[in-house]
Amino acid sequence: MPVDFFETEVRKAQDRFNQTFGVMAVCNIRMRQSVILAIVQMGLLQRKIAKSRDKDLVREEIKRFVRARDVLKNVFNQAEQEINKLRERRKQQWLTHLNSAESIPAHYGVLHGQSINR
């Protein structure tokens, strides 16, 4: 059985969706929903293209499929850039927190519920 280009592209989009949105604890629900619907549309177009015997009759569906694939690639790239920016920002906040915690002397404050000044 030959490997179907359109089926492979749908699987790639599904995998990339899981990789991108699977790591997001919080995301824009409308964007997520739109991506899911675009993948579903790609799947429906893929089935229609696969069932057609004459590729000239489904030329418009092929164009729509490729357009949807390209739009999804752009959405995934932007989402992944946002994820990377967020990770970098959290890393910097964590490093700042560690640096500020190291500058506080160990004997300062309350240890184990007891005051040092007696």
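Located above this text is the structure these notes cover.
Residues numbered from 1 in each chain as written. Predicted model: local features only at pLDDT ≥ 70, side-chain atom pairs only at ≥ 80, totals over all residues. Heavy atoms only, no water.

Draft legend 1. The side chain of Arg 69, seen in detail. Of note, Arg 69 is situated in helix α3 (residues 59-102). What makes Arg 69 buried here is its relative accessible area of 17%. If we skip the residues at most four places from it in the chain, Arg 69 touches Phe 5, Glu 9 and Met 42. (Helix = DSSP H or I, 4+ residues; strand = E, 2+ residues; numbered from the N terminus. Buried < 20%, exposed > 50% of the residue type's maximum accessible area, 1.4 Å probe, protein only. Contact = heavy atoms within 4.5 Å.)

Draft legend 2. Structural view of helix α2 (residues 29-51). The terminal C-alpha atoms of α2, which comprises 23 residues, lie 33 Å apart, in line with the 33 Å expected from a rise of 1.5 Å per residue. The complete set of buried residues in α2 reads Val 35, Ala 38, Ile 39, Met 42, Gly 43, Leu 45, Gln 46 and Ile 49. Two or three places before Arg 30, at the opening of α2, Asn 28 has a side-chain oxygen 3.0 Å from that residue's backbone nitrogen. (Expected span 1.5 Å × (residues − 1). Polar contact = N/O pair within 3.5 Å; in protein donor to acceptor, adjacent residues only side chain to side chain.)

Draft legend 3. Quick look at helix α1 (residues 5-21). Over its 17 residues, α1 runs 24 Å from end to end, which matches the ideal 24 Å to within 8%, given 1.5 Å per residue. Taken together, the buried positions of α1 are Phe 6, Glu 9, Val 10, Ala 13, Phe 17, Thr 20 and Phe 21. Mapping the buried residues of α1 onto a view down its axis gives an arc of 100°, with all of them on the same face. Away from its buried face by more than 90 degrees, α1 exposes Asn 18 and Gln 19. (Arc of directions from axis to C-beta.)

Just distances and angles here, no functional claims.
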